[in-house]
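Below are the chains, spelled out letter by letter.
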Amino acid sequence: MTIKSMTGFARTEGHAAAVTWAWEIRSVNGRGLDLRLRLAPGYEALEPRVREVAARHLARGSISINLNVKRSEGVTQIRLNEAALAQALAALETVRARVSCAEPQAEALLAIRGVLEVVEGEESADEAGARQGAMLASLDAAFEALVRMRTAEGARLADVVAQQLASIEGLVAQVAAAPAHSPEAMRQKLKEQVARLLGEASSLDEGRLYQEAALLATKADVEEELQRLRAHIHAARALLLSKEPAGRRLDFLAQEFNREANTLCSKSADADITRHGLELKAVIDQMREQVQNIE
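Conventions used here
Residues numbered from 1 in each chain as written. Predicted model: local features only at pLDDT ≥ 70, side-chain atom pairs only at ≥ 80, totals over all residues. Heavy atoms only, no water. Helix = DSSP H or I, 4+ residues; strand = E, 2+ residues; numbered from the N terminus. Buried < 20%, exposed > 50% of the residue type's maximum accessible area, 1.4 Å probe, protein only. Contact = heavy atoms within 4.5 Å. Areas by Shrake-Rupley, 256 points an atom, 1.4 Å probe, with all protein chains shown as cover. Axes fitted to C-alpha atoms, helices over the stretch in contact; angles between N-to-C directions. Parallel < 35°, antiparallel > 145°, perpendicular 65-115°, else oblique. Left-handed = near helix turned anticlockwise from the far one by under 90°. Salt bridge = Lys/Arg side-chain N within 4 Å of Asp/Glu carboxyl O. Polar contact = N/O pair within 3.5 Å; in protein donor to acceptor, adjacent residues only side chain to side chain. Pairing = 2+ DSSP bridges. Nonpolar A, V, L, I, M, F, W, Y, C, P; charged D, E, K, R; others polar. Expected span 1.5 Å × (residues − 1).

Caption draft 1: The overall build of the chain, seen in detail. Check the secondary structure of the chain and you find nine helices and six strands. Burial statistics for the chain: of 295 residues in total, 35% are counted as buried. In the chain, of all internal contacts separated by at least 6 residues, the share reaching a separation of at least 24 is 78%. By element, 53% of the accessible surface of the chain is carried by carbon and sulfur atoms, the whole surface being about 17,400 Å².

Caption draft 2: Spotlight on the packing of helix α8 (residues 247–267) against helix α9 (residues 271–291). Where α8 meets α9, the closest approach of the two axes is 9 Å, and the angle between their N-to-C directions is 165 degrees. In terms of orientation, α8 lies roughly antiparallel with respect to α9. As for the relative orientation of α8 and α9, their crossing is left-handed in sense. For the pair α8 and α9, contact is made by Gly 247, Leu 250, Asp 251, Ala 254, Gln 255, Phe 257, Asn 258, Ala 261, Asn 262, Leu 264 and Cys 265 and by Ile 273, Thr 274, Gly 277, Leu 278, Leu 280, Lys 281, Ile 284, Asp 285, Met 287, Arg 288 and Val 291, respectively.

Caption draft 3: Summary view of the environment of Leu 165. Residue position: Leu 165 is located in helix α4 (residues 125–177). Residue Leu 165 is classed as buried on the basis of its relative accessible area of 0%. For the pair Leu 165 and Ile 233, spaced 68 residues apart in sequence, the C-alpha to C-alpha distance is 6.3 Å. Setting aside residues no more than four positions away along its own chain, Leu 165 makes contact with Ile 233, Ala 236, Arg 237, Leu 240, Phe 257 and Met 287.

Caption draft 4: Examining the pattern of salt bridges more closely. Following the criterion strictly, the structure yields 17 salt bridges and no others. Between Arg 51 and Glu 47 there is a salt bridge; the shortest N-O distance is 3.1 Å. With a gap of four residues between them, Arg 51 and Glu 47 both fall in helix α1 (residues 47–57), about one helical turn apart. Classification of Arg 51 by relative accessible area gives partly exposed; the value is 33%. The partly exposed category is assigned to Glu 47, whose relative accessible area is 32%.

Caption draft 5: Focus on the side chain of Thr 12. Relative to the assigned elements, Thr 12 resides in strand β1 (residues 8–16). Judged by relative accessible area, which is 13%, Thr 12 ranks as buried. Among the polar contacts listed, one links the side chain of Thr 12 to the backbone oxygen of Ser 138, at a separation of 3.0 Å. If we ignore the near neighbours within four places in the chain, the residues touching Thr 12 are Trp 21, Ala 22, Trp 23, Ser 138, Ala 141 and Ala 142.

Caption draft 6: Looking closely at the pairing of β1. Across the two faces of β1 the burial differs, with Gly 8, Ala 10, Thr 12, Gly 14 and Ala 16 buried and Phe 9, Arg 11, Glu 13 and His 15 not buried at all. By the bridge criterion, nine bridges tie β1 to strand β2 (residues 19–28) in an arrangement that is antiparallel. The residue bridging Thr 12 from the neighbouring strand is Trp 23, located in β2. Between β1 and β2, which follow one another and run antiparallel, lie two residues, and Ala 17 among them has a positive phi close to 55 degrees.

Caption draft 7: Main features of the packing of α1 against α4. Put simply, α1 and α4 touch, their axes get as near as 10 Å, and they point 30 degrees apart. Between α1 and α4, the angle falls in the class roughly parallel. Of the two elements, α1 crosses α4, and the hand of that crossing is right-handed. Where α1 abuts α4, its residues Arg 49, Val 50, Val 53, Ala 54, Arg 56 and His 57 lie against Gln 132, Leu 136, Leu 139, Asp 140, Phe 143, Glu 144 and Val 147. Of the residues assigned to the contact of α1 with α4, the class counts are seven nonpolar, two polar and four charged.

Caption draft 8: Seen up close, α8. For α8, spanning 21 residues, the distance from its first C-alpha to its last is 30 Å, which sits close to the expected 30 Å at 1.5 Å a residue. Turning to α8, its buried residues number three or more, namely Gly 247, Leu 250, Asp 251, Leu 253, Ala 254, Glu 256, Phe 257, Glu 260, Ala 261, Leu 264 and Cys 265. For α8, the elements touching its buried residues are α4, α7 (223–240) and α9.

Caption draft 9: Fine view of the sheet that holds β2. Taken together, four strands build an open sheet; the order of strands is β1-β2-β4-β3 and the sheet is mixed. One side of each edge strand has no neighbouring strand; the edge strands of this open sheet are β1 and β3 (33–38). Within this sheet the neighbouring strands show an average axis-to-axis angle of 15 degrees, counted without direction. Pairing between β3 and strand β4 (residues 61–71): six bridges, direction parallel. Among the inter-strand pairings, Asp 34 is bridged to a residue of β4, identified as Ser 62. Lying over the sheet, α1 contacts β2, β3 and β4, oriented at roughly 145 degrees with respect to β3. Across the sheet, α4 touches β1, β2 and β4, and the angle it forms with β2 is around 30 degrees.

Below, the structure is given as structure tokens:
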């Protein structure tokens, strides 16, 4: 059984040289595969690769992918901007030529914006490529963990849906076994209705009356609905064993289940059959809530 849920969470961490990172992936229900990425500044170029990894592991779901990156202390360097310092000294000489003032102090010069710069440690192209590869491998591991969680939750969902299908099957059997559903009971009820109408209005044409009554009886027969419900149960059980994502088809089947249950209730003229039909609708609604979580 490979039924998977669309709900899950995974986190992986990694490091390369002076850089550490963490991937976080959250997954909830979605009509298709909807990816929302929030990558650390400077790592936007990873987005196409991230989308490729996600599509390789998942078929459906609303997925939030976050990448947080930190550099270790000591990697940054303070560098004197010689050009900025020269411009600052030239400006001070111009001022001193016009007004009398003391020699500038070193700390005052260093405090001028742009004279001192904080720069990141330089990294070769090979080092950057290796780090990017390590980050994507870490992302792949995060998706594998997410799939394991979604698979475990999917197994629980499949058990719940299987139990609901068994309940539906039991209710269908109860409707089929209801005394009012038997051909003899339907014929007897039809005779009683016709006899009552003939007694109340003797001018009615008896032959035509029987024809109309037979037509109404045919419309009230729920055997076709019961057969379709049995077929839907068989199809749903097959989908639970499918190796392909089955959530969309199960959701469609749940709608078909509900349509047949509605028709059964609208046709029913018997209290027991109506009660079973309403119970059917309740179980089908519960099942549809569950299948909407399936990938």
